[in-house]
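# Architecture at a glance
Here is what each chain is made of, one letter per residue.
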There are 6 protein chains.
Amino acid sequence: MTREDGRAPDQLRPITITRQWLDHAQGSCLIEFGRTRVLCAASATEGVPRWRKGSGLGWVTAEYAMLPQATHERSPRESVKGKVGGRTHEISRLVGRSLRAAIDYTALGENTIAIDCDVLQADGGTRTAAITGAYIALADAVAHLGREGALLGEPLTSSVAAVSVGIVDGQPVLDLPYVEDVRAETDMNVVMTGDGKFVEVQGTAEGAAFDKNELDAMLALAAKGCAELTALQQEALSR
Amino acid sequence: MTREDGRAPDQLRPITITRQWLDHAQGSCLIEFGRTRVLCAASATEGVPRWRKGSGLGWVTAEYAMLPQATHERSPRESVKGKVGGRTHEISRLVGRSLRAAIDYTALGENTIAIDCDVLQADGGTRTAAITGAYIALADAVAHLGREGALLGEPLTSSVAAVSVGIVDGQPVLDLPYVEDVRAETDMNVVMTGDGKFVEVQGTAEGAAFDKNELDAMLALAAKGCAELTALQQEALSR
Amino acid sequence: MTREDGRAPDQLRPITITRQWLDHAQGSCLIEFGRTRVLCAASATEGVPRWRKGSGLGWVTAEYAMLPQATHERSPRESVKGKVGGRTHEISRLVGRSLRAAIDYTALGENTIAIDCDVLQADGGTRTAAITGAYIALADAVAHLGREGALLGEPLTSSVAAVSVGIVDGQPVLDLPYVEDVRAETDMNVVMTGDGKFVEVQGTAEGAAFDKNELDAMLALAAKGCAELTALQQEALSR
Amino acid sequence: MTREDGRAPDQLRPITITRQWLDHAQGSCLIEFGRTRVLCAASATEGVPRWRKGSGLGWVTAEYAMLPQATHERSPRESVKGKVGGRTHEISRLVGRSLRAAIDYTALGENTIAIDCDVLQADGGTRTAAITGAYIALADAVAHLGREGALLGEPLTSSVAAVSVGIVDGQPVLDLPYVEDVRAETDMNVVMTGDGKFVEVQGTAEGAAFDKNELDAMLALAAKGCAELTALQQEALSR
Amino acid sequence: MTREDGRAPDQLRPITITRQWLDHAQGSCLIEFGRTRVLCAASATEGVPRWRKGSGLGWVTAEYAMLPQATHERSPRESVKGKVGGRTHEISRLVGRSLRAAIDYTALGENTIAIDCDVLQADGGTRTAAITGAYIALADAVAHLGREGALLGEPLTSSVAAVSVGIVDGQPVLDLPYVEDVRAETDMNVVMTGDGKFVEVQGTAEGAAFDKNELDAMLALAAKGCAELTALQQEALSR
Amino acid sequence: MTREDGRAPDQLRPITITRQWLDHAQGSCLIEFGRTRVLCAASATEGVPRWRKGSGLGWVTAEYAMLPQATHERSPRESVKGKVGGRTHEISRLVGRSLRAAIDYTALGENTIAIDCDVLQADGGTRTAAITGAYIALADAVAHLGREGALLGEPLTSSVAAVSVGIVDGQPVLDLPYVEDVRAETDMNVVMTGDGKFVEVQGTAEGAAFDKNELDAMLALAAKGCAELTALQQEALSR
């Protein structure tokens, strides 16, 4: 099989991470997985939501959204429709859970980090790009709190990166763009820590159900992809 | 490890399926996984949503919800709050995708089956009980359409069942009740076809990230549980 | 006139009350008026809404809702539509007022009892079944508070039961199922205390306006029906 | 007992009906029951809602609302809160049902009359003033349709008027202003046709439950009040 | 050019201000610009919104709305639609800003004045009538606070009035009714203080863009109109 | 007076226009006024909204919004709040009106151009940057329709640009960043055509009311600024 963009089955798209793309946010980056482009921003504020006050623990939350013209056809704004759609809700929850898996709330102290992932352009893999970029914004926001003397320890217990894998025409492939995504029999998003453990595994049979061998092949690709993304994250954060 | 309710790690809770619990729905059942109790109802109507008209294809959709007093503490109604919460959205989408994986839309013809899964009482595993019960309601609604002469073939390509697995105190366990669920390091919901393939795999590290061995152990438990649920579904549908 | 189900004009449908149908609620019952089936649940919690704090008085509130497939044709969920419909609002208010008429707020102390009446299956008379069942849940929740030592006296000043009456083909009848309800010229819901006084009288001319004689005939039927329901409530609560 | 405003127990407040208070509406009036002031407007348009098309039948609908500063303390706007409250819903439905009881849909033809009752100032009895005034607007809108040649017969089968009655300090009284309303043990709204039959009877025990004698006393007062309102309606419409 | 209603280009419609049209509001008036009729009401309450507490400063806020049958064709209620429309939002903000320009918050002390402008009938110029009438209600509410001893000085720094101007058939005209408004090439709303300074200038090219000469001609007309409205306001407030 | 960023009073901030920043939209640009950064995207689709069908006329619409972390403090998402705020509504309407002033609907034919202006970073002047950038996106979308052969003539009757002006410390200044905006006594947004006529003039006294001389000074600055922006637009479109 030849992929339309000429990549090998186990090859990521070109990844670009532009740190501190925003002036006001305590952490931010513009992350690109090929033509997918997500703006990730983290605000760090003192205090926690009411239900967590006095616990000594911090909080991390995330919201994912897509601009109306990020996709091929303009989609109506959720603010104008007056409600958040199911897909948006689901991905926001996924991003939040993934980041929280990398945080020690005690070390964070009673501070809140709110992360926004806004998809400026979508070409497949927006949720995995969002998680990978959100980690950069989170790390910068944590560093900001550290400089302010607001931390009680080191809140980041690991790094977090994510990638999509799938089976297209019977072939397991890594990091699917839109044209592959719509044709995939199975689509899986995998979130992993920097040391190669799983944080989230979400596989869905789009066409036919899949067996254990196919699952294992996809997980192996995901592990390779996440390891490469982890290296890119480390490089971006060391600049 | 001894489980609080005395079960073996690979043992399901007592499962009860009461078919045709409702008079009006074309298919329905009250399904119980231990104290978790979900009312599943399927309506079968001619025609499909506007965006699918003229395609010759049918449609299957699902909604999941929880009664306010299903849980330990009363939770506010989503209708009164004026919006569907993220968790509800996410599970409704999961139930719908799982059922659609078992359907041949061409054979269904331009008919719509709408499935409602309402949790009357929650004690862990509500989404997996919902999927397992929804399949019963779906099968009865399909049979109803068959008796009406409205089908173009056999729309059910397989059966679908679901179960939760997790790691509690380092031990992989099957079908977690609430008390285990809140303590689990990892929580995974697995949806499988009657012939043992995967439809959905959704694993989440609640505490610590998990490795491939733990993932494999959970998947093996899930396969055992889904096989047993499949047998119970067949028995219920043969009555 | 012969009623379709063979009942005498002044005869109730078979009434079933299954107390403590739920594990978590402080009071609950599944009540059936023929094929109408309503799940009533009462939560009792310390404290009152903000506007009532410090008054020394308790609060009782109620919400009524219907599952989508309770009726002959599936109706869309109010949570998905994003608003509570007029009928739901109206009945929730009626149930709440009816129960509050049986409560001494001073004796209840600053505690709140929230009652949910969810119609699992509808065949006419859902609001009156809801009120009659809600009283059982309320009484059990009050008893629970008593066992907790949270009461300042006996909050239940009377019992409350409700029934529908109507005029069908010129004949006053008691406890109308759906087939009679849609044909009724006049429809009336009557809520009464256990000692035979009126709490709510809501009569509506669906077809032709009604005169005082017809009104009196309906009220007499309602008094008979409510007395029988009161006896059934007492029996259920004494078990 | 002496009423605060010096009226006899069976005496209405001063009633004023200013017909055609608006230029655009096909029928309108400003109706005053003492200091209660309601603006009623009726629009008559060709066609009926989608679900009624082709039936040959017309439709009448009503909405009730209150301006924020109609009451003693400013209440927030329902448009700003983003939802219609339960009380508003309930009264809108009551007004609509009451007017529909006076309409022959076949004679109306496929035309829709939409009636708005906006309370400009509230001093008790706003829903009964709304119904009484809405009938005037309805009659003028029907007359407008008649002049347009859009009717298939005479749609008005009777007139409709409404009044509140209650028991205050043990004394049945007619047409309660706010100061009496808040003290009433029982509050009842009665809608009657011009020939003295009941359209709606809605009695609520606010304090103590009431017996048949009290109910009868209130109904007698209501009949007297509605008869007087009917006469005032006729006079207004004959001008 | 002859205007349809016979006015000179620089002539206002007949203006009527009926002060204290409501009993409960601390200030109110019914203001009429020809057939445009707006009910303005001001409530004065102790305290300020949370975000302003402890600042020593007061707050003035305004809401504008239109009754469904104020216009030629009935428009749906925003409360029923569940959201405030863009036009309503825009005008509410304009009215609020205009009034706040006339207020010294320090002198007002920590009190809030909330002004509601409800259009009972619309015939062009509703927002300018609303502002002109709202000032009357504001002045009366301020006077009420003064009588209560709740002020720390004189909060009214000037009076505020507003009028529309436009270019119709190439001719600058003052105070446009609906028939002129829909034909205007340019439409401008001007809010001025009693001493002839600008508070708001909002000009919009409806058809063709306009040049500086046209702008100056419209501003001159607006100054004349606002001066006359200021005189009418003073007269009304001196009664 | 020296401006904080060293500009002359009549000097624009550095303006950058990056055309075709998006792959899917028919027209797009990232426009920067100093640190204010707005992503403008235009979709061109066949057909018009239902109310305009069969008219032969096209339609242009616009929506403005701000990302949560565009401002100094994160602001909650309007989609999550479930409603569009007043400021957003007001600016969306302004952008739409401004663009529609440059369009000949007959030449556009029954096509719709929908423009989205999303503020990625805010530092004052977001609405004027949005209008200036939206014109670029509009022009490219029109050109796209031209290449598709979908136009009936040349729909662009002029170009449109916008700039803010204000009075800060008594000095009229052009193109205010946030630090000047919050201190301005008067703030005015001016939209002009490429040939120097006014499309919108919106001036607001934030502190003190302003007189005709001040208004004239601001308008002169705006004319200079808009002329320069027009030149930059032409240059960008000619690349």
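These figures come from a predicted structure and were not determined experimentally.

### Remarks on the relation of the copies chain F and chain A
Turning chain F through 180° and shifting it by 0.0 Å along the axis lays it on chain A, with an RMSD of 0.0 Å. These values place the two chain copies in the arrangement generated by a two-fold rotation axis. Rotation axis and chain F: the residue whose C-alpha lies nearest the axis is S79 of chain F, separated from it by 1.8 Å. Of the interface residues in chain F, 100% have counterparts in chain A that sit at the interface too, so the contact is made through matching surfaces.

### Overview of the sheet that holds strand β7 (residues 171-174) of chain C
Strand order in the open sheet made by the 8 strands is β7(C)-β6(C)-β8(C)-β9(C)-β9(D)-β8(D)-β6(D)-β7(D), with antiparallel pairing throughout. Edge positions in the sheet fall to β7 of chain C together with β7 (171-174) of chain D, since each has one partner strand and no second. On average, each strand axis in the sheet is inclined to that of its neighbour by 15°, with strand direction left out of account. Where strand β6 (residues 160-168) of chain C and β7 of chain C come together, 4 bridges link them in antiparallel fashion.

### Re the packing of aromatic side chains
Scanning the entire structure with this criterion turns up 18 aromatic pairs over all chains. One aromatic cluster is present, formed by W51, W59 and Y105 of chain A through successive ring pairs. Positioned over the ring face of Y105 of chain B is R52 of chain B, at 4.4 Å from the centre of the ring. Taking the ring centre of W21 of chain A as reference, the NZ or CZ of R37 of chain F above it sits at 4.5 Å.

### Focus: the interface of chain F and chain A
The interface is formed by 35 residues belonging to chain F together with 35 residues belonging to chain A. Between chain F and chain A, the buried area comes to about 3,000 Å², and carbon and sulfur atoms account for 50% of it. Sorting the residues of chain F by area buried against chain A places H24, Q69 and R77 of chain F first, and these three jointly supply 24% of that buried surface. Here chain F is connected to chain A by 12 salt bridges. R77 of chain A is the salt-bridge partner of D116 of chain F, the closest N and O atoms lying 2.7 Å from each other. If you look at where chain F meets chain A, you find 28 residue pairs in polar contact (both at pLDDT 80 or more). Only β3 (36-46), β4 (59-66), α1 (78-81) and β5 (111-121) of chain F provide two or more residues apiece to the side of chain F that touches chain A. Residue contributions to the side of chain F that touches chain A peak at 7 residues, all from β5 of chain F.

### Overview of the arrangement of the chains
The smallest C-alpha distance separating chain A from chain D is 10 Å, and no contact links them. In this structure chain C stays clear of chain F, and the shortest span between their C-alpha atoms is 10 Å.

### Quick look at the sheet that holds strand β3 (residues 36-46) of chain D
All names here are of chain D. Strand order in the open sheet formed by 5 strands is β1-β2-β3-β5-β4, and the pairing between neighbours is mixed. Looking along the sheet, the strands with just one partner apiece sit at the ends: β1 (15-19) and β4 (59-66). Each adjacent strand pair in this sheet contributes to an overall mean axis angle of 15°, direction not counted. Bridge analysis of β1 against strand β2 (residues 27-33) gives 5 bridges, and the strand direction is antiparallel. Within β2, the residue paired with I17 across the bridge is I31. Of the strands in this sheet, β4 and β5 (111-121) are in contact with helix α2 (residues 86-100), which crosses β4 at around 145°. Across the face of the sheet, helix α4 (residues 126-147) comes into contact with β1, β2, β3, β4 and β5 while running at roughly 30° to β3.

### With respect to the pattern of salt bridges
If you walk through the whole model with that rule in mind, you get 126 salt bridges over all chains. As a salt-bridge pair, E63 of chain C and R77 of chain B come within 2.8 Å of each other at their nearest N and O atoms. Taken as a pair, E63 of chain C in strand β4 (residues 59-66) and R77 of chain B in the loop between β4 (59-66) and α1 (78-81) lie in two separate chains rather than in one. Here R3 of chain D makes a salt bridge to E180 of chain D, at a shortest N to O gap of 2.8 Å. With R3 of chain D in the segment before β1 and E180 of chain D in helix α5 (residues 178-181), this pair connects stretches of sequence that are 177 residues apart. The residues R3 of chain D and E180 of chain D share a single accessibility class, namely buried.

### Quick notes on the packing of helix α6 (residues 212-238) of chain C against helix α6 (residues 212-238) of chain D
For the pair α6 of chain C and α6 of chain D, the least separation of the axes is 13 Å and the interaxial angle reads 155°. It follows that α6 of chain C is roughly antiparallel to α6 of chain D by the angle criterion. Of the two elements, α6 of chain C crosses α6 of chain D, and the hand of that crossing is right-handed. From α6 of chain C, K212, L215, D216 and L219 of chain C reach across to α6 of chain D, where they touch K212, L215, D216 and L219 of chain D.

### Comments concerning the UniProt feature "binding site: phosphate" (unreviewed entry) in chain A
When the UniProt feature table is mapped onto this chain numbering, "binding site: phosphate" (unreviewed entry) sits at R87, G125, T126 and R127 of chain A. Spanning 41 residues, the named residues nonetheless gather at one spot, since no C-alpha pair among them exceeds 13.6 Å. Within the secondary structure layout, R87 of chain A lies in helix α2 (residues 86-100). Under the relative-accessibility criterion, R87 of chain A is labelled partly exposed at 31%. Other than its neighbours up to four places away in sequence, R87 of chain A contacts Y64, M66, T126 and R127 of chain A together with R93 of chain B. A distance of 3.3 Å separates a polar atom in the side chain of R87 of chain A from a polar atom in the side chain of Y64 of chain A. Looking at the secondary structure, you find G125 of chain A in the loop between β5 (111-121) and α4 (126-147). Residue contacts for G125 of chain A: discarding those within four places in its chain leaves R13, T36 and L176 of chain A.

### A look at the UniProt feature "domain: Exoribonuclease phosphorolytic" (unreviewed entry) in chain A
Residue and element names in this part refer to chain A. Per the UniProt record, the feature "domain: Exoribonuclease phosphorolytic" (unreviewed entry) sits at residues 11-141 and 160-225. Taken end to end, residues 11-141 comprises 30% helix and 32% strand; its first and last C-alpha atoms sit 30 Å apart. When the span residues 160-225 is considered, its composition is 27% helix and 44% strand, and the gap between its end C-alpha atoms is 12 Å.

### What about helix α2 (residues 86-100) of chain F?
Residues and elements named next belong to chain F. With 15 residues, α2 should cover 21 Å at 1.5 Å per step; its first-to-last C-alpha distance of 21 Å lies within 8% of that length. Counting buried residues along α2, 12 of its 15 residues qualify, which places the element largely inside the surrounding structure. Regarding α2, the residues found buried are G86, T88, H89, E90, I91, S92, L94, V95, G96, R97, S98 and L99.

### Here we look at the state of the cysteines
All chains considered together, the criterion is met by 0 disulfides over all chains. With no disulfide partner, C29 of chain D has as its closest neighbouring cysteine sulfur the one in C40 of chain D, 4.6 Å distant. Looking at the unpaired C40 of chain F, the closest cysteine sulfur is the one in C117 of chain F, lying at 4.0 Å.

### Looking at helix α4 (residues 126-147) of chain C
Given 3.6 residues per turn, any residue in an α-helix points the same way as the ones three and four places further on. The end-to-end C-alpha distance of α4 of chain C, which contains 22 residues, comes to 31 Å, matching closely the 32 Å that a straight helix rising 1.5 Å per residue would cover. After α4 of chain C finishes, the residue G149 of chain C shows a positive phi value of roughly 70°.

### Quick word on a nonpolar patch on the surface
Residues and elements named next belong to chain A. A cluster of nonpolar residues, Y178, V179 and V182, forms a patch on the protein surface that exposes about 260 Å² of accessible area. Note that V179 resides in helix α5 (residues 178-181). Exposure remark for V179: the relative accessible area of 37% places this residue in the partly exposed category.

### Some details on the nonpolar core
In a soluble, globular protein the nonpolar side chains are often hidden away together inside. One finds V95, I113, I115 and L138 of chain E together with I113, I115 and L138 of chain F to be the most contacted residues of the largest nonpolar core, which totals 134 residues. L12, C29 and V38 of chain C together with L99 of chain D belong to the second-largest nonpolar core, a separate cluster that totals 133 residues.

### As for a positive patch on the surface
A cluster of like positive charges, contributed by R50 and K53 of chain A, R50 and K53 of chain C together with R50 and K53 of chain E, occupies part of the molecular surface. Along the polypeptide, R50 of chain E turns up in the loop between β3 (36-46) and β4 (59-66). We classify R50 of chain E as exposed; its relative accessible area is 72%.

### What about unusual backbone geometry?
Apart from glycine, the bulk of residues carry a negative phi angle, and the bulk of peptide bonds sit in the trans form. Even without being a glycine, D175 of chain B presents a positive backbone phi close to 60°. Following the sequence through the fold, D175 of chain B ends up in the loop between β7 (171-174) and α5 (178-181). What makes D175 of chain B buried here is its relative accessible area of 0%. Phi is positive for D169 of chain C, close to 50°, though the residue is something other than glycine. Inspection of the secondary structure puts D169 of chain C in the loop between β6 and β7.

### Let's talk about the environment of C226 of chain A
Note on placement: C226 of chain A falls in helix α6 (residues 212-238). Sequence separation between C226 of chain A and W59 of chain A is 167 residues, and the spatial gap between their C-alpha atoms is 25 Å.

### What to know about the environment of A139 of chain F
All names here are of chain F. Tracing the sequence through the fold places A139 in helix α4 (residues 126-147). For A139, a relative accessible area of 10% corresponds to the buried category. Spatially, the C-alpha atom of A139 lies 9.7 Å from that of Q26, the residues being 113 residues apart in sequence. In this structure, A139 is in contact with L156 and L237, ignoring residues within four places of it in sequence.

Conventions used here
Residues numbered from 1 in each chain as written. Chains lettered and ligands numbered in written order. Predicted model: local features only at pLDDT ≥ 70, side-chain atom pairs only at ≥ 80, totals over all residues. Heavy atoms only, no water. Least-squares fit on C-alpha atoms with pLDDT ≥ 70 in both. Contact = heavy atoms within 4.5 Å. Pairing = 2+ DSSP bridges. Helix = DSSP H or I, 4+ residues; strand = E, 2+ residues; numbered from the N terminus. Axes fitted to C-alpha atoms, helices over the stretch in contact; angles between N-to-C directions. Phe/Tyr/Trp six-rings, centres within 6.5 Å; stacked < 30°, edge-to-face > 60°. Lys NZ or Arg CZ within 6 Å of the ring centre and 35° of its normal. Buried area = accessible area lost by both parts, 1.4 Å probe. Salt bridge = Lys/Arg side-chain N within 4 Å of Asp/Glu carboxyl O. Polar contact = N/O pair within 3.5 Å; in protein donor to acceptor, adjacent residues only side chain to side chain. Buried < 20%, exposed > 50% of the residue type's maximum accessible area, 1.4 Å probe, protein only. Parallel < 35°, antiparallel > 145°, perpendicular 65-115°, else oblique. Left-handed = near helix turned anticlockwise from the far one by under 90°. UniProt positions renumbered as here; feature names shortened; annotations may be inferred. Expected span 1.5 Å × (residues − 1). Disulfide = S-S within 2.5 Å. Patch = residues over 30% accessible without salt bridge, like charges linked within 9 Å, V, L, I, M, F, W, Y side chains within 5 Å. Areas by Shrake-Rupley, 256 points an atom, 1.4 Å probe, with all protein chains shown as cover. Core = buried A, V, L, I, M, F, W, Y, C linked by side-chain atoms within 4.5 Å. Lys, Arg positive; Asp, Glu negative; His and termini not counted. Charge placed at Lys NZ, Arg CZ, Asp CG, Glu CD.

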